[in-house]
Amino acid sequence: MRVNPTCPLPTAHLWRGARSIPIPTCNVSSNPFLCCQNKNKYYIKVNYGAQLIDVYTYDSNGKYTKRVKTFICSTGTETPTSGVYKIPAKITWLHMFGDVYGHYCTQIVGNILFHSVPYLVNGDPSTLEYWEYDKLGKKASMGCIRMTTADALWIFNNVSVGSSVDFYSDPS
């Protein structure tokens, strides 16, 4: 089962019955640039070598060159090392591997997500795993991109479904 028939990623197993946000459709035949601007204001680059996420928006020529945010993160052993993916879905709280919960989850590809540092109890902000928070800036996850809760919320609220996420490595 697919959440959205235009999305190539099967997501039903990931969300475990929860509702996700479908990819918006866009008619690019009339004006592809305007359509892109309306749906995808931001472009995200994940630098797994430096454990940083950069968020870009358009310059005056319509290119994603203006950096608007940089976040510290923790990637992991299964984090993609290259490629550009389109965000297919989001969910507020998600039960994850290791019997923990991610807050403000934004799916990138398959089981790879942007999300907060893990919590022990679903919906209970007082159960943040502080020892995992202290690992931000180092590889620490199974593959997801962990962030502070505030940073995961920013991506959740501001980066639209259908936006691009690019993975690369530059340790400097």
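Residues numbered from 1 in each chain as written. Predicted model: local features only at pLDDT ≥ 70, side-chain atom pairs only at ≥ 80, totals over all residues. Heavy atoms only, no water.

Draft legend 1. Quick peek at the sheet that holds strand E1 (residues 43–47). Overall, mixed pairing links the five strands, which are arranged E3-E2-E1-E9-E4 in an open sheet. Across the chains shown, the open sheet's two edge strands, defined by having one partner strand only, are strand E3 (64–72) and strand E4 (84–86). Adjacent strand axes in the sheet meet at a mean angle of 25 degrees when their direction is disregarded. Here five bridges tie E1 to strand E2 (residues 52–58), and the two strands are oriented antiparallel to one another. Across the sheet, Tyr43 pairs through a bridge with Tyr56, a residue of E2. Packed on one face of the sheet, helix H4 (residues 149–158) meets E1, E2 and E3 and runs near 145 degrees to E3. (Pairing = 2+ DSSP bridges. Helix = DSSP H or I, 4+ residues; strand = E, 2+ residues; numbered from the N terminus. Axes fitted to C-alpha atoms, helices over the stretch in contact; angles between N-to-C directions. Contact = heavy atoms within 4.5 Å.)

Draft legend 2. Main features of the packing of aromatic side chains. Evaluated as defined, the whole model comprises eight aromatic pairs. Between Trp93 and Tyr119, the ring centres sit 5.1 Å apart and the planes meet at 70 degrees, which makes this aromatic pair edge-to-face. Of the two residues, Trp93 is situated in strand E5 (residues 90–96) and Tyr119 in the loop between strand E7 (112–116) and helix H3 (130–133); the sequence distance between them amounts to 26 residues. An angle of 85 degrees between the planes, with centres 4.8 Å apart, marks the rings of Tyr130 and Trp131 as edge-to-face. Take Trp131: its relative accessible area is 38%, and that puts it in the partly exposed class. Through a chain of ring-to-ring contacts, three or more aromatic side chains come together here, namely Tyr42, Phe71 and Trp154. Sitting over the face of the ring of Phe156, Lys90 holds its NZ or CZ atom 5.6 Å from the ring centroid. (Phe/Tyr/Trp six-rings, centres within 6.5 Å; stacked < 30°, edge-to-face > 60°. Buried < 20%, exposed > 50% of the residue type's maximum accessible area, 1.4 Å probe, protein only. Lys NZ or Arg CZ within 6 Å of the ring centre and 35° of its normal.)

Draft legend 3. Up close: the sheet that holds E5. Strand order in this open sheet of four strands is E5-E6-E7-E8, and the pairing throughout is mixed. One side of each edge strand has no neighbouring strand; the edge strands of this open sheet are E5 and strand E8 (145–147). Direction aside, neighbouring strands of the sheet carry axes that sit 35 degrees apart on average. In this structure, E5 lies alongside strand E6 (residues 100–109), joined through six bridges in antiparallel fashion. Across the sheet, the residue bridging to Met96 is Val100, located in E6. In this fold H4 packs onto E5, E6, E7 and E8, with an angle of close to 40 degrees to the strand it touches most, E6.

Draft legend 4. Expanded view of the pattern of salt bridges. As enumerated under the stated definition, the model contains three salt bridges in all. A salt bridge links Arg146 to Glu132, with the shortest nitrogen-to-oxygen separation between them at 2.5 Å. With Arg146 in strand E8 and Glu132 in helix H3, this residue pair connects regions lying 14 residues apart in the sequence. In terms of burial, Arg146 and Glu132 fall into one category: buried. (Salt bridge = Lys/Arg side-chain N within 4 Å of Asp/Glu carboxyl O.)

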